[in-house]
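Reading the structure
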Amino acid sequence: MGKNKKPERGSQGKSQRREKRKESVVEICGKVMMTREGYAFISSGNGEDDIFVPARKLRGALHGDTVRVAVFGKRGGQRKEGEVIEITERSKRPHIGVLQVTGHQAWVITEGKNMPYDIRIPFDESLDEHNGKKVAAIVDDWSRHSDEPSGHIIDILGKPGDNNTEMHAILTEFGLPYQFDPQVEKDAEKIPEEITAEEIKRRRDFRKITTFTIDPADAKDFDDALSLKKLENGNWEVGVHIADVTHYVVPGTALDKEALDRATSVYLVDRTVPMLPEKLSNRLCSLRPREEKLCFSAVFEINEKGHVLNRWFGRTVINSDYRFSYEEAQEIIETEKGPLKNEVLKLHELATILRQERFRKGAISFERPEMKVMVDKEGKPLNVVQKISKESNWLIEEFMLLANREVAALVGVARSGKRPKTFVYRIHEEPNIDKIEAFRTFIAHLGYNMRPTKSPRELSGEINNLLAVAKGRPEEGAIEIMALRSMARARYSVENMGHYGLAFDYYTHFTSPIRRYPDMMVHRMLAHYLDNGKSMDAKFYEERCKHSSEREQLATEAERASIKYKMVEFMQDKVGNIYDGNISGITEWGMFVEIAETKIEGLVSLRDIKEDYLEFDEESFSLRGKKSGHKFVLGFPVKVKVTRANLEQKQLDYALIWDDSWNNPDGRSSGRSSERSSGSSSGRSSGSSSRSRSSESSSGERSSGKSSGRSSGRSSGRTRRTK
C-alpha cells in the first residue's frame, strides 16, 4: 500500500559512467510502455525497435510519459537498452484502482498491468465514504524523497465488480467520456425535427426510388442506405445515401465541439458510447424505414460489367422502403426469395464484380476471425462466438468503399494543372521494407516463402498467395497477425498517400458521419467545393486529422479492453478445465495460447513449465527445449489448463499440458507436421474479411489481433521496487 521502495533516481556516479561511454550513446525521445514488474520499453514511434529500460533506470517515469532516453547498446545481444535522462511530459491518462483509506492516509491501489505502484492521495475526510470504491486518479508528481507517486482523484466510478463500474473504468482509463454534458443534450433536443418544403426543394429527391438499409440485427442507428433504379439505356443508377449530419450539427456549436472532442463513437462489449446525442444518432440522422430523411449522397451510373460511367454528389432527401438485417439480406441472396429480391440480387451482382476487381488490383485479403462476447441485460457474458461475414456484408462494404474512393478522387485528382484542394484522406502507407524483410524471415522459420517482388502491388499479391496457402493450417493465424504487424497503421491526413491495403490511389471516410468526426469534415469540405469554394486551411484540418487518428486508436484499445475483461469473466468458472489451443504469441518469458474454439488467449509462463527449460529465439519467435530439443513456434497446437482468471488485470493464466512425444533424448528437434516448404501458390485468394465493415475489412487497416512480439510483462502480484 504505497510502502514499497521507489526506483532509484540519477546519481553522480552514474552520470560519470555515462560520460565515459558517451561516444556510444544515442538519445531518443519516446513514450513509456511500462510493465507490472516495473521495467519498461520506450517506443519512439518511428518504426525502430523498442528500447528496454530496467526499473532502476526509469528515474520515476511511468506508463504513458514522454521521456528522453540514452541508448547504450543491446542487452544480451538481443534488445537495445537505455535509461531515462529526462521526463519531458507526464501522461494525463488516469490510472484505475481501488481507494483505500487508513487513518489519515489514502492511496489508490492500482490495478492496471502498466502500473506497478500505488498512488498516494492527499487525505480528506470526504474520502471515507468512498473507501473501497473503484476510482480514477492522475499522477501529479513523484518526489525524490517519496516512496510512491502522488496524485489526485478525478472520478469516483463505483463498486468494484459492478458491470457499469467496470465499463466506465475502461472508458475513463483511456480518456473516453461515458456521458454527455447536460448542455450538449439540451442543444440536441432543441433541433427541429420537421423537414421543411423549402429544404426539400434544395435537394435531389429520391423518395420515389427504391431504397433500403442493411445493418446488424441489433443496430439502433442506420447511417447509410442504398437505392437502385434501372436507366433507359440499360445501365443502373446506384445511390449511396449517407445521413446528412452536418445539416444539423453546425460548426462552432457545443454539439460540434463535443463531436470533435470525442471524434468517434466507442463500441464496448455491452454498449455503444455515441459521438452524438441519441436524438441525432438514433432519430434525426438514422435512416429509418418509411420516414423522410436528409442525406448527402454519392450516385453512380454503373453498367452490367460493373464499370462506373458517371458520378453525382450532393444533398438529397430519401424515404427508405425497407430495413434489412444482414441475415435477412443473406437469405435473399441464397434463396433468391424475399422482399425487394430483384434490387438486392442486382446490387449483390454488381458488388461481386467490384470486389473481384479490387482484389485483382492488389487489395489484401485478411481473414482474421472476429469473436463476439454474448452478454445478458446485466452484462454477464454468456458465450463467445465467431462473427461470420457473408455476401450481405460484402454488398454494403463494396458500395461504401466505392463512395469513399470516388469522393476522394473527385477532390484529390489534379485537374488542368492545378494543385488539388485541401481534403481529408484516409491513408494507409506502403509497408516499411525492413518490416517486410523481417516478415519474410519469420515465415521462412515456419517453412513458407514469398517470391521477390519489384512493386507494392506484387507484394500484396504475394501476401494474398501466402495467406491462401496457409489457410486452414495451425499457423494461419500467426502468419496473418505478423503480416498485419508488418503493415502501417491507417490514419487520417490532408496529405494523400493512397490506401495500400485497399489498393486505392484515393480514399477517404464519407460514409459514417454519425460515428466519425472525419466524415463530418469530409461532408463540409465536399459541400464547400461543390459550391466552387476556395481551398481550405490545410494546417487547420491536419491538426484535426491527427486528433481523430489518436482518438480512434484510444477507442480501439478501449474496445479490446472490454472484450478482454468479458472473456476473463467468462472463464472465471472454467478454472481447471483443459482445452485444445494454438500458440498465438511467444516472448522470452512465456507463450500466449488461444483456445481453439473461442480464441480466448492466456499466458503460459515459462517459469511454470517444469518438464524442460525453454530458450527464446527472438528472430523466429520460437522456443526450443534445452533438454528435449522440441521447438515451439507460432500456430503450434497444444493443450492447456486454465489456472487463473484475474479480472482486475484482465489476465488469464494457462498451464501447458506437456506431451511426452515432445521429448527427444538425443536433443534434436522433434519437428512439427505443419512445417513445409510450400512457397506461394499461383492462385489469388479473394476470400472475405471477417471483420465488420466499420473496420474496413480486407483493407490493411490495423487488426485487433495480438502481436507475437509482446512487450509487456505480466505478474500475479505487485513487485518490490529496488534501488
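Our structure is the block above this text.
To keep things clear, this report deals only with the structure shown in the data block. (Residues numbered from 1 in each chain as written. Predicted model: local features only at pLDDT ≥ 70, side-chain atom pairs only at ≥ 80, totals over all residues. Heavy atoms only, no water.)

Turning our attention to the nonpolar core. Counting residues in hydrophobic clusters, the biggest one holds 80 residues, and the most contacted among them are Leu280, Phe300, Leu395, Phe399 and Phe510. The element best represented in this core is helix 10 (residues 391-412), accounting for 9 residues. Apart from residues lying up to four places away in sequence, Leu395 is in contact with Ile214, Leu226, Ile333, Val344, Leu347, His348 and Ala351. With 70 residues, the next largest nonpolar core counts Met591, Leu614, Leu634 and Trp662 among its residues. (Core = buried A, V, L, I, M, F, W, Y, C linked by side-chain atoms within 4.5 Å. Buried < 20%, exposed > 50% of the residue type's maximum accessible area, 1.4 Å probe, protein only. Helix = DSSP H or I, 4+ residues; strand = E, 2+ residues; numbered from the N terminus. Contact = heavy atoms within 4.5 Å.)

A separate point is the pattern of salt bridges. In the structure shown here, the tally under the stated rule is 44 salt bridges. With a closest N to O distance of 3.0 Å, Lys346 and Glu304 form a salt bridge. Taken as a pair, Lys346 in helix 9 (residues 341-360) and Glu304 in the loop between strand 17 (292-302) and strand 18 (308-319) lie far apart in primary sequence, 42 residues in all. Of the residues examined, Lys346 reaches a relative accessible area of 11% and is grouped as buried. Several salt bridges converge on common partners, so that one network encompasses Glu199, Arg202, Arg203, Asp244 and Arg315. (Salt bridge = Lys/Arg side-chain N within 4 Å of Asp/Glu carboxyl O.)

Our focus in this paragraph is the side chain of Arg440. Tracing the backbone through its elements, the reader meets Arg440 in helix 11 (residues 433-445). Taking the relative accessible area as the measure of exposure, Arg440 reaches 16% and is therefore buried. Only 3.3 Å separates the side chain of Arg440 from the backbone oxygen of Arg451, close enough to count as a polar contact. Not counting residues up to four positions away in its chain, the partners in contact with Arg440 are Met450, Arg451, Pro452, Thr453 and Leu459. (Polar contact = N/O pair within 3.5 Å; in protein donor to acceptor, adjacent residues only side chain to side chain.)

On to unusual backbone geometry, then. The phi angle of most residues is negative, glycine excepted, and most peptide bonds adopt the trans form. In this structure, Asn532 takes a positive phi of about 65° despite not being glycine. A positive phi is found at Lys650, a non-glycine position, where the angle reads about 55°. For Lys650, the location among the structural elements is in the loop between strand 30 (637-646) and strand 31 (651-656).

Once that is clear, we can look at the packing of aromatic side chains. Within this structure, the stated rule accounts for 17 aromatic pairs. Measuring from centroid to centroid gives 5.7 Å for Phe504 and Tyr507, while their planes differ by 40°, and the two rings are tilted. For Phe504, a relative accessible area of 9% gives the class buried. A network of ring pairs unites the aromatic residues Phe632, Phe636, Trp658 and Trp662 as a single cluster. Against the face of Phe180 rests Arg262, its NZ or CZ located 3.6 Å from the ring centre. If you follow Arg358 out to its NZ or CZ, it ends over the ring of Phe359, 5.0 Å from the centre. (Phe/Tyr/Trp six-rings, centres within 6.5 Å; stacked < 30°, edge-to-face > 60°. Lys NZ or Arg CZ within 6 Å of the ring centre and 35° of its normal.)

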